[in-house]
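Descriptive analysis of the structure
The primary structure of each chain is shown beneath.
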Amino acid sequence: MIRFSDEELKHQELFRQIEQMIAAGLPEGYAFVPQPNEVASVVLSKSTWAVLGLTCHIELFTQAHYKQSIEPDEGVSELFKDVFLFHWREESQHAILDELEWRRENEKLSDEERDRAVDDLIALVVAVDGILQAQSQSDANYFCAIAGRPFSTDERDAVEQQLLRAYRWQYILSGVQEPRFSNILGSMVNAQQADRIGAALLTLI
Ligand SMILES: [Fe+2]
Ligand SMILES: [Fe+2]
C-alpha cells in the first residue's frame, strides 16, 4: 500500500508537469475548479468501504480511458501518450489491490454497516458530480470567451450541457459500466441496495 501511495505521488507530479506544459499553449483564463483539500475532506468523511469502492472505480475507468481513448489515437502527443502508458501499467496493479482490499473490508461489515456504506458511496458519486457540474460551467465560460465569436445564452448553455454529459461519462458512468467494477459491486450489495445505486446513477444520464 505504501509503494502504491508513492506511485500516486509520482503520478500527481507527472500530471502537474504535463499541466504546466499544456498551460503554456492555452489562452489565458482557464480555471481548474476543484480544491484538493476540500475534495479530500469530503472523501475522508466517508466509510472505508465507500472510499475503496470509489478508488476501485477510478482506477478501472482510468485504465479503460487509456485503452479506448488515448492508446489508439494517432494524433495524441507521444509524450502525453507515454505518461499515460506508464500510468496505466501501474494502475493495472493498483486495481488488483483495490479489489482485494475492498472485498476484505466488505467481509468485516454487518448488514446495517454495509447499508450505510452504500449511502456513503452514493454520496461520493453525488460529490463527484458536483465537481463535474462546477467544472463544466467554468469550462463552458472559458470556451465561449476564447472561441473568437459571440455565443447566445442558448448556445452557451448547450456547450455546458455537452461538457457535463462528457464529464459524467468519463468520470462516473464509464467506470460503472466496466464489467469488473459492476461484478465486484454486484457481489457485495443486495437487490434493494443495487436499486438505490441504480436510481442515483439514473439522475446523471
Ligand atoms: Fe495514479
Ligand atoms: Fe492508482
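The paragraphs below set out a description of the structure included in this document. Keep in mind it's a predicted model, so treat the numbers as computed, not measured.

1. Quick word on the overall build of the chain
When you go through the chain residue by residue, the secondary structure sums to eight helices and zero strands. Compactness check: the chain gives a C-alpha radius of gyration of 18 Å against a globular reference of 17 Å for 205 residues, within 12% of the reference. Of all 205 residues assigned to the chain, the portion counted as buried reaches 17%. Of the contacts made within the chain by residues no fewer than 6 positions apart, 85% connect residues no fewer than 24 positions apart.

2. Some points on the nonpolar core
Ala50, Cys56, Leu121, Leu124 and Val128 are the most contacted members of the largest nonpolar core, which has 20 residues in total. Looking at this core, the elements with two or more residues in it are α3 (48-70), α4 (78-108), α5 (111-146), α6 (153-176) and α7 (179-188). Excluding its chain neighbours within four sequence positions, the residues that come into contact with Leu124 are Val43, Lys46, Ala50 and Leu54.

3. Examining α6
Taking 1.5 Å of rise per residue, the 24 residues of α6 would be expected to cover 34 Å, and the 33 Å separating its terminal C-alpha atoms lies within 8% of that figure. Residues of α6 that are buried include every one of Tyr171, Ile172 and Gly175, and no others. Tucked inside the fold, the buried residues of α6 contact α3, α5 and α7.

4. Some words on the packing of α5 against helix α8 (residues 191-202)
One way to put it is that α5 packs onto α8 with a least axis distance of 10 Å and a crossing angle of 10°. When the axes of α5 and α8 are compared, the pair comes out roughly parallel. Here Asp115, Val118, Ile122 and Val125 of α5 lie close against α8, whose contacting residues are Gln193, Arg196, Ile197 and Ala200. In terms of residue class, the contact of α5 with α8 is made up of five nonpolar, one polar and two charged.

5. Overview of α3
Because an α-helix packs 3.6 residues into every turn, residues spaced three or four apart end up facing the same way. For α3, with 23 residues, the first-to-last C-alpha span of 31 Å sits near the 33 Å given by 1.5 Å per residue. When α3 is considered as a whole, its buried residues turn out to be Trp49, Ala50, Leu52, Gly53, Leu54, Cys56, His57, Glu59, Leu60, Phe61, Thr62 and Gln63. Here the buried face of α3 lies against α4, α5, α6 and α7.

6. Remarks on the packing of α3 against α4
Interhelical geometry of α3 versus α4 gives an angle of 150° and a closest axis separation of 8 Å. Classed by the angle they form, the pair α3 and α4 counts as roughly antiparallel. Remark: the crossing between α3 and α4 carries left-handed chirality. Looking at the contact of α3 with α4 residue by residue, the classes come out as ten nonpolar, eight polar and seven charged.

7. Some remarks on the environment of Asp139
For Asp139, the location among the structural elements is in helix α5. For the pair formed by Asp139 and Gln12, sequence separation is 127 residues and the distance between their alpha carbons is 22 Å.

8. Observations regarding the environment of Val76
Along the chain, Val76 turns up in the loop between α3 and α4. By the C-beta count within 10 Å, which is 13 here, Val76 ends up partly exposed.

About the criteria used
Residues numbered from 1 in each chain as written. Chains lettered and ligands numbered in written order. Predicted model: local features only at pLDDT ≥ 70, side-chain atom pairs only at ≥ 80, totals over all residues. Helix = DSSP H or I, 4+ residues; strand = E, 2+ residues; numbered from the N terminus. Rg over C-alpha atoms; globule rule 2.2 N^0.38 Å. Buried ≥ 20, exposed ≤ 12 C-beta atoms within 10 Å, placed from the backbone. Contact = placed C-beta atoms within 7 Å. Core = buried A, V, L, I, M, F, W, Y, C linked by C-beta atoms within 7 Å. Expected span 1.5 Å × (residues − 1). Axes fitted to C-alpha atoms, helices over the stretch in contact; angles between N-to-C directions. Parallel < 35°, antiparallel > 145°, perpendicular 65-115°, else oblique. Nonpolar A, V, L, I, M, F, W, Y, C, P; charged D, E, K, R; others polar. Left-handed = near helix turned anticlockwise from the far one by under 90°.

Functional significance is not addressed by these values, which are geometric in nature.
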